[in-house]
Amino acid sequence: MSDANPSKWASLPTEQRNLASAQIDEAPTLRILEILNEEDSRVPQAVNAILPRVAEAVELVVTAVGNGGRLFYVGAGSSGRLGVLDAAECPPTFGTPPGTVQGIIAGGADALLRAAERAEDRPEEGASELRRRNLSERDVVMGIAASGVTPFVLGALEYAHCAGAETVFFTCNPEAARKADANVKIVPEVGPEAITGSTRLKAGTATKIVLNMITTAAMVRLGKVYGNLMVDLTPTCAKLNDRARRILMETTGLSRDESRRLLAAAGDLKTAIVMSKRAVSKETARRLLVENGGIVRLALTNGT
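### A word on helix H11 (residues 269-278)
Then step 1. Taken across its 10 residues, H11 has seven buried, putting it largely inside the fold.
Then step 2. Among the residues of H11, those classed as buried are Leu-269, Lys-270, Thr-271, Ala-272, Ile-273, Val-274 and Met-275.
Then step 3. Residues of H11 that are buried in the fold lie against helix H9 (238-252), helix H10 (256-266), helix H12 (282-291) and helix H13 (296-299).
Then step 4. Two or three places before Lys-270, at the opening of H11, Asp-268 has a side-chain oxygen 3.2 Å from that residue's backbone nitrogen.
Then step 5. Phi turns positive one or two residues past the end of H11, at Ala-279, with a value near 55°.

### As for the pairing of strand E3 (residues 140-144)
In the case of a regular strand, side chains alternate between the two sheet surfaces.
Then step 1. The element E3 is largely enclosed, with a buried count of five among its five residues.
Then step 2. Burial of the side chains of E3 extends over both faces: Val-140, Met-142 and Ile-144 are buried on one face and Val-141 and Gly-143 on the other.
Then step 3. Sheet topology note: the strand E1 (residues 71-75)/E3 ladder contains five bridges and is parallel. Within E3, the position partnered with Phe-72 by the bridge is Val-141.
Then step 4. Here E3 pairs with strand E4 (residues 166-170) via five bridges, running parallel. When the sheet's bridge partners are listed, Val-140 is paired in E4 with Glu-166.

### Some points on the environment of Val-84
Then step 1. Residue placement: Val-84 occurs in helix H4 (residues 77-94).
Then step 2. A residue is classified by how much of its surface remains accessible, and Val-84, at 19% relative accessible area, is buried.
Then step 3. Between the C-alpha atom of Val-84 and that of Leu-157, which follows or precedes it by 73 residues, the distance is 17 Å.
Then step 4. Excluding its chain neighbours within four sequence positions, the residues that come into contact with Val-84 are Gly-103, Ile-104, Ile-105 and Leu-112.

About the cut-offs
Residues numbered from 1 in each chain as written. Predicted model: local features only at pLDDT ≥ 70, side-chain atom pairs only at ≥ 80, totals over all residues. Heavy atoms only, no water. Buried < 20%, exposed > 50% of the residue type's maximum accessible area, 1.4 Å probe, protein only. Helix = DSSP H or I, 4+ residues; strand = E, 2+ residues; numbered from the N terminus. Contact = heavy atoms within 4.5 Å. Polar contact = N/O pair within 3.5 Å; in protein donor to acceptor, adjacent residues only side chain to side chain. Pairing = 2+ DSSP bridges.

Below, the structure is given as structure tokens:
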């Protein structure tokens, strides 16, 4: 007998059963782990297939942040938590002001620690969160919804579109992506989860990879990296202070004590590198950095 009122979620890719894990509850521990790992191994391939779309998102972020705009991640549940996590890691890693990359999760801060599933059902609240942050056309909003149907996220994207902001939509549901209105659509097709519907698994892994890529590549383009060294880090703890000294030693050949003294005199790692490698004063080093958009490599070769 057919179901006269089929569930609107039943056909979602994220809700399908995975035949490879159909008997996972009967497996010993090692086999459970092998099944999970085999499924996770599919994620990099799925991400690799959509790298051109990720690159488009990076370009939007570079333009926005370079012009004083911001990147907002908007999500619910696991998607929202991953957005908040990536946003929180940008200031210590790349020295960005806390407001440059922001994570918005349905249900607010409490939802980071305790599931607030009903909060995702209200599209007006997604819009309200962006309105409260004075969203403008200089900003980029990235909606994250593994299923592609989360009202909180779709409401935020609709509001962002009306506000003139650039929009990015991340989902693992191709059909939802086709219906969504966004400047860039990132759709890694990771397949059904090992535990049906648990998008904290493959979909969550794909989300983490893509968010890492977007902010890392954007910050590289914006001059936050010299070689592969994070020269714009904010040394807020002993580990990061030590990392700053080691980076200065590696890039300049100075001793540890010399690096410590130069960092104290320069006030920041980028200035210290330029001071040492160009044998200039702090004031000149900072001017060279300003003239070259904060990019160390250019500051070392351009201008006088």
